[in-house]
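# Architecture and fold: a report
These are the residues of each chain, in order.
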Amino acid sequence: MKYSKYLSIFFLMLSLQSCSDFLEQEPGTQTSIDELLQNKTGVLQALTGLYTEVEANVRPDRYAAYADLQGGNIKFAPVATGGSRGQISPVINLQQIYSFEDVALTSNFKSFYDTSYDIINQANLILEFTPALTDATEAEKSQIKAEALAIRAYAHFLLSLVYSQDYKYTPDASHLGIIYSTESIKSGIQYPARKTAAETYTLIINDLQTAIDNYSDASLLSGPAYSFFNRKNTKALLARVYLQKGDWTNAYDMANDVITNSGVVLTSKETLIAEWEKPDLPVSEILLEFSIPKDTEGSVTSSMSSTFGYITDTNFQKYTASNDLVNLYESTDLRKQLFLTKSLFTIVSGVQTNLNYNFTKKYQNNAGYVASRLSEMYLIRAEAALETNRADLAMADINIIRARANASLLTNTNNLKENIFLERRKELCFEGFLFFDIARMHKDVSRNDGCIATVCSLTYPSLKYVLPIPTFNTNLNPNLQQNDSY
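- Per an unreviewed UniProt entry, the recorded name for the protein is RagB/SusD family nutrient uptake outer membrane protein, and the organism is Flavobacterium chungangensis.
- UniProt lists a comment for the protein under the heading Subcellular location (unreviewed entry), and it reads "Cell outer membrane".
- According to UniProt, the comment filed for the protein under the heading Sequence similarities (unreviewed entry) is "Belongs to the SusD family."

Here it is as structure tokens:
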């Protein structure tokens, strides 16, 4: 524990958000880096700590609720107790972004931006030190390299979703992407400019392809295999990147590869609800779920229920499903059973009443962050098939997901693109997709039920589909261009 704490402090000192502080460190700091990462044990401990930071960056509501909140899947529950009981208001740490009014100086997402580049810097350090390890085999070094590259690509990809307009915002993707960092700041402080969106995606794809080529058969870290990047879930991430880019042929091939060769199968209709209701383990079709934090005695210290959980009528979290989402499900659809409906004390226009709220069952108890699961691959393959003039294959994949959910099957390919969008919304709700799908498909934002924002709708294209780069970072780096309108 002491070592892990020291390692965390060390990495924080090297964070990209603290470049000026790094310059003021005494030379001994450089020796500390060499000591910590000079052998396989130190590098693996660093890699373990890196996964911990990745999980801590995506699990809290700042990122975990963002896409569903902005897209309209989420509305707020009333205050549970105290003098404000029954009143409904936005969560403070997302209040600005909820109304599409985030401000660069006080951005709700500053910690996400900073932590993401801290994660990237740590991955780069591991990549820089691993080749020189003398106590690791070439296969072990390749495996470490693969996982670090996957993490680096994943962090950059999430940043691009939040801070860069969708890939086809301009015909040639020449609009601003993000800064893509491939060197740690140990090699010297640099002030890079943002890549174009096209360059950003090329670098993400290159990192993922290189990772796939370097994986060994098993991770070197202790813990469940689904908690770490491996060949199959890196291919799943690459399929998602190709989808976001609109590279339909590669999106189809990569999703099909995962479906066909990963060894993971869809959770059955008979066990679908029970799988999501398990108190500790992920659903059986999981491809990647980062391990949640535990204390020294093995007790869970935080989970996704901290964002979406319901315990009692006076102990629940703020994020619930909007009727915009719930009403999309047919009465026979099993996924409608994945909502826990509770009547809660609410004040409406000064009048005390009780209203029904729907909490998701996906994230109760000790639920972890679902980074990737197999049903997404079917939905990617379906969309890619449609976009490559294979509507019959697209409909077949959508019907696989609908049949599993006991929903009525599609009988023709009319309006198939919209059906794919709606199926993604229903199947992947609360998993961080909706707002990014809206942007990717050049759709408008329309939030109705429960929307208490000053702005509930956006018409595509809009400069507000992306967030501002925090002022601290643009002040630190004179070459870091702010997003338009901020």
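### Observations concerning the state of the cysteines
- Scanning all chains against the criterion turns up one disulfide.
- There is a disulfide in this structure between Cys-451 and Cys-456, and the S-S distance comes to 2.0 Å. Sign of the S-S torsion, about -100 degrees for the bond between Cys-451 and Cys-456, identifies this disulfide as left-handed.
- The class of Cys-451 is buried, set by a relative accessible area of 17%.

### Quick notes on the pairing of strand β6 (residues 339-348)
- Summarising the sheet, β6 and strand β7 (residues 351-360) pair through 10 bridges and their orientation is antiparallel. Each bridged residue has a counterpart across the sheet, and for Phe-339 the counterpart in β7 is Thr-360.
- Hairpin connection between β6 and β7: a loop of two residues separates the two successive antiparallel strands, and Ser-349 in this loop has a positive phi of roughly 50 degrees.

### Some remarks on the side chain of Lys-141
- Note on placement: Lys-141 falls in helix α9 (residues 138-163).
- Once residues within four sequence positions are removed from consideration, Lys-141 is found in contact with Thr-130, Pro-131, Leu-133 and Ala-136.

### Regarding the side chain of Ser-184
- Its location among the elements puts Ser-184 in the loop between α9 and α10 (197-214).
- Look at Ser-184 and you get buried, because its relative accessible area is 1%.
- A distance of 2.7 Å separates polar atoms of two side chains, one belonging to Ser-184 and the other to Glu-128.
- Here Ser-184 is in contact with Asn-121, Asn-124, Leu-125 and Glu-128, once residues within four sequence places are set aside.

### A closer look at unusual backbone geometry
- In this structure, the amide linkage connecting Tyr-460 to the following residue, Pro-461, adopts the cis form with an omega of -5 degrees.
- Checked against the element boundaries, Pro-461 lands in the loop between β10 (457-458) and α20 (471-476).
- At Asn-415, a residue that is not glycine, the phi angle is positive and equals roughly 55 degrees.
- Note that Asn-415 resides in the loop between α17 (391-404) and α18 (416-427).

### Some remarks on the packing of α9 against α10
- With their axes 8 Å apart at the nearest point, α9 and α10 run at an angle of 155 degrees to one another. As far as their axial angle goes, α10 and α9 are roughly antiparallel. Crossing angle aside, the handedness with which α9 passes α10 is left-handed. Where α9 approaches α10, its residues Ser-142, Gln-143, Lys-145, Ala-146, Leu-149, Ala-150, Arg-152, Ala-153, His-156, Phe-157, Ser-160 and Leu-161 are matched on the opposing element by Thr-200, Tyr-201, Ile-204, Asp-207, Leu-208, Thr-210, Ala-211 and Asn-214.
- Among the residues making up the contact of α9 with α10, the classes are represented as 10 nonpolar, seven polar and three charged.

### Observations concerning the UniProt feature "domain: SusD-like N-terminal" (unreviewed entry) in the protein
- In the numbering adopted here, UniProt assigns the feature "domain: SusD-like N-terminal" (unreviewed entry) to residues 102-243.
- Taken end to end, residues 102-243 comprises 54% helix and 0% strand; its first and last C-alpha atoms sit 28 Å apart.

### Regarding helix α8 (residues 110-129)
- For α8, which comprises 20 residues, the first-to-last C-alpha distance of 29 Å matches the rise-based estimate of 28 Å (1.5 Å per residue) to within 8%.
- Summarising burial for α8: 17 of the 20 residues are buried, a large majority.

### Considerations on the pairing of strand β8 (residues 369-373)
- Within β8, five of the five residues are buried, which leaves it mostly tucked inside the rest of the structure.
- Sheet topology places strand β2 (residues 286-290) next to β8; four bridges connect them, and they run antiparallel. Within β8, the position partnered with Ile-286 by the bridge is Arg-373.

### Regarding the environment of Ile-273
- Note that Ile-273 resides in helix α13 (residues 272-277).
- For the pair formed by Ile-273 and Leu-338, sequence separation is 65 residues and the distance between their alpha carbons is 6.7 Å.
- Other than its neighbours up to four places away in sequence, Ile-273 contacts Leu-334, Gln-337 and Leu-338.

Cut-offs applied
- Residues numbered from 1 in each chain as written.
- Predicted model: local features only at pLDDT ≥ 70, side-chain atom pairs only at ≥ 80, totals over all residues.
- Heavy atoms only, no water.
- UniProt positions renumbered as here; feature names shortened; annotations may be inferred.
- Disulfide = S-S within 2.5 Å.
- Buried < 20%, exposed > 50% of the residue type's maximum accessible area, 1.4 Å probe, protein only.
- Pairing = 2+ DSSP bridges.
- Helix = DSSP H or I, 4+ residues; strand = E, 2+ residues; numbered from the N terminus.
- Contact = heavy atoms within 4.5 Å.
- Polar contact = N/O pair within 3.5 Å; in protein donor to acceptor, adjacent residues only side chain to side chain.
- Axes fitted to C-alpha atoms, helices over the stretch in contact; angles between N-to-C directions.
- Parallel < 35°, antiparallel > 145°, perpendicular 65-115°, else oblique.
- Left-handed = near helix turned anticlockwise from the far one by under 90°.
- Nonpolar A, V, L, I, M, F, W, Y, C, P; charged D, E, K, R; others polar.
- Expected span 1.5 Å × (residues − 1).

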